[in-house]
Amino acid sequence: MAITGVLRPGHAQVRVLNLEESVRFYRDVLGLVETGRDAQGRVYFKCWDERDHHSYVIREADEAGIDFFGFKVLDKATLEQLDADLQAYGLTTARIPAGDLLETGERVRFELPSGHLIELYAEKTAVGNGAGLVNPAPWTQAREHGIGPVRLDHTLLYGPNVAEVQKIFTEVLGFYLVERVLTPDGEGNAAIWLSCSHKVHDIAFAEYPEPGKLHHCSFLMESWEQVLRAGDIMSMNLVNVDIGPTRHGVTRGCTIYAWDPSGNRFETFMGGYQPYPDYEPITWTFDNFGQGLDYPQRKLHETFLTVVT
Ligand code: M3P
Ligand code: FE
């Protein structure tokens, strides 16, 4: 098997200011499928084509932002190995018992030098996409509800010590660097895009003085037309749109950035290219950051650099 170790982004837990307003937004406007609620009051969602029980969890809090981002790993042996590797590297890990998140096995959690909590887990109940595994239909009614993305694709996180974060992901967790934006002096990286797969990114980081910040969680659409349709649905529902529809130079992804009712940015996204781990990373100089962010407009939108939760 070619993809081993860390398989893919598995879940994000995001804080919202008003739970029921947010449930209506994520269910009816973004078009996620609600899959459960727990005793802590958290609400669980998945995208229609995801097979595991959930990928996006919201909880009500006084401040928006991200609690943690989790990756699914191949199996329990891999989870044990990666936990040992993280500790050998010098990081402190903690175990969250199975069942803390609904339908999810034990999680290994650690804090990055950027202030973000990252989790690894091997088990989450496969509930399927509703089309079954024998002679499945290509899509289900759940896709025809709201924006209807196919999966949680990646996240972009803002915080300090991005160079150290890059080392942890590449030296311990098996990710590789796909693209980067240099700092103005060209000596370091202002932002990095990392992949554990054939995807153009599974997680990205940008250097930022405040730790633990969320820039966006990104949801994959099946086509550019579906991204434009997402923009239509955002406007119909008076969603606050940040940037787009446009194309990033970095990753070549076609995108809209917008905000949920609590001010958490999310992205509807498609495209990009498919890198392999042997590819040399692509470098953007800081003076071309505007093209990297918004290739057609060549504009380094102020909000991209300053608005995070
Ligand atoms: C992405 C993304 C830049 C932004 C690129 C963003 C260079 O690739 O998926 O959000 O500013
Ligand atoms: Fe993105």
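Residue numbering note: each chain is counted from 1, following its sequence as written. Going through the entries in the order they are written, you letter the chains from A and number the ligands from 1. Local features in a predicted model are, by the rule used here, given only for residues with pLDDT of at least 70; side-chain atom pairs are given and counted only at 80 or more, and totals for whole chains, interfaces and linings are based on all residues. Excluding hydrogens and water, the side-chain figures rest on all heavy atoms present in the structure.

- Under the annotation held in an unreviewed UniProt entry, the protein carries the name Metapyrocatechase and is attributed to Geopseudomonas sagittaria.
- UniProt positions are given in the numbering used here, feature names are shortened, and annotations may be inferred rather than shown by experiment. Under the Cofactor (unreviewed entry) heading, UniProt states for the protein: "Fe(2+)".
- Quoted verbatim from the Catalytic activity (unreviewed entry) heading of the UniProt record, the comment on the protein is "catechol + O2 = (2Z,4E)-2-hydroxy-6-oxohexa-2,4-dienoate + H(+)".

A word on the packing of aromatic side chains
Next, step 1: The pairing test for Phe, Tyr and Trp rings, Trp by its six-membered ring, is centres within 6.5 Å, and the orientation test on the planes gives stacked under 30 degrees, edge-to-face over 60, and tilted for anything in between. Enumeration according to the criterion identifies 16 aromatic pairs in this entry.
Next, step 2: Between the aromatic rings of Phe-289 and Phe-304, the centroid separation amounts to 5.9 Å while the plane-to-plane angle is 75°, which identifies the pairing as edge-to-face. Residue Phe-289 is located in helix H5 (residues 289-293), and its partner Phe-304 is located in helix H6 (residues 302-306); the two are separated by 15 residues in the primary sequence. Each member of the pair Phe-289 and Phe-304 is classed as buried. Runs of H or I in DSSP of at least four residues are treated as helices and runs of E of at least two as strands, each being numbered from the N terminus. Buried, partly exposed and exposed residues are distinguished by accessible area as a fraction of the type maximum, computed with a 1.4 Å probe on protein chains only: under 20%, between the cut-offs, and over 50%, respectively.

Considering the site of ligand 1
Next, step 1: For this purpose, a residue is taken to be near a molecule or strand whenever a single non-hydrogen atom of the residue falls within 4 Å of it. As a matter of local geometry, ligand 1 sits amid 13 residues, with His-201, His-216, Val-250, Tyr-257 and Phe-289 nearest to it.
Next, step 2: Whenever two N or O atoms come within 3.5 Å, that pair is a polar contact, provided that in protein one can donate a hydrogen and the other can accept it, and provided that, for residues adjacent in sequence, both atoms are side-chain atoms. Between ligand 1 and the protein, one listed contact pairs an oxygen atom with a side-chain N or O atom of Thr-251 at 3.1 Å.
Next, step 3: All accessible-area figures derive from a Shrake-Rupley calculation using a 1.4 Å probe, and residue coverage is judged against the displayed protein chains alone. Summarising the interface, the protein chains cover 100% of the accessible area of ligand 1, which totals 320 Å² for the free molecule.
Next, step 4: Take the shell around ligand 1: its biggest share by element is 3 residues, from H5.

Quick look at the UniProt feature "domain: VOC" (unreviewed entry) in the protein
Next, step 1: Those places that UniProt annotates as "domain: VOC" (unreviewed entry) correspond, in this numbering, to residues 8-123 and 151-271.
Next, step 2: The annotated region residues 8-123 carries 22% helix and 40% strand content, and the separation between its end C-alpha atoms amounts to 13 Å.
Next, step 3: Measuring from the first to the last C-alpha atom of residues 151-271 gives 13 Å, for a span that is 20% helix and 48% strand.

Focus: the domain arrangement of the protein
Next, step 1: Residue ranges for the domains trace back to a domain assignment, done automatically or taken from a database. Domain annotation for the protein reports domain 1 (6-144) and domain 2 (151-306).
Next, step 2: On a C-alpha basis, the centres of domain 1 and domain 2 stand 20 Å from each other.
Next, step 3: Any carboxyl oxygen of Asp or Glu that lies within 4 Å of a side-chain nitrogen of Lys or Arg is treated as forming a salt bridge with it. Across the domain 1-domain 2 interface, the total number found is 1 salt bridge.
Next, step 4: Every element with two or more residues in the side of domain 1 that touches domain 2 is listed here: strand E1 (6-16), helix H1 (19-29), strand E5 (65-73), helix H2 (76-89) and strand E8 (117-121).
Next, step 5: Ranked by residues supplied to the side of domain 1 that touches domain 2, first place goes to E1 with 9 residues.

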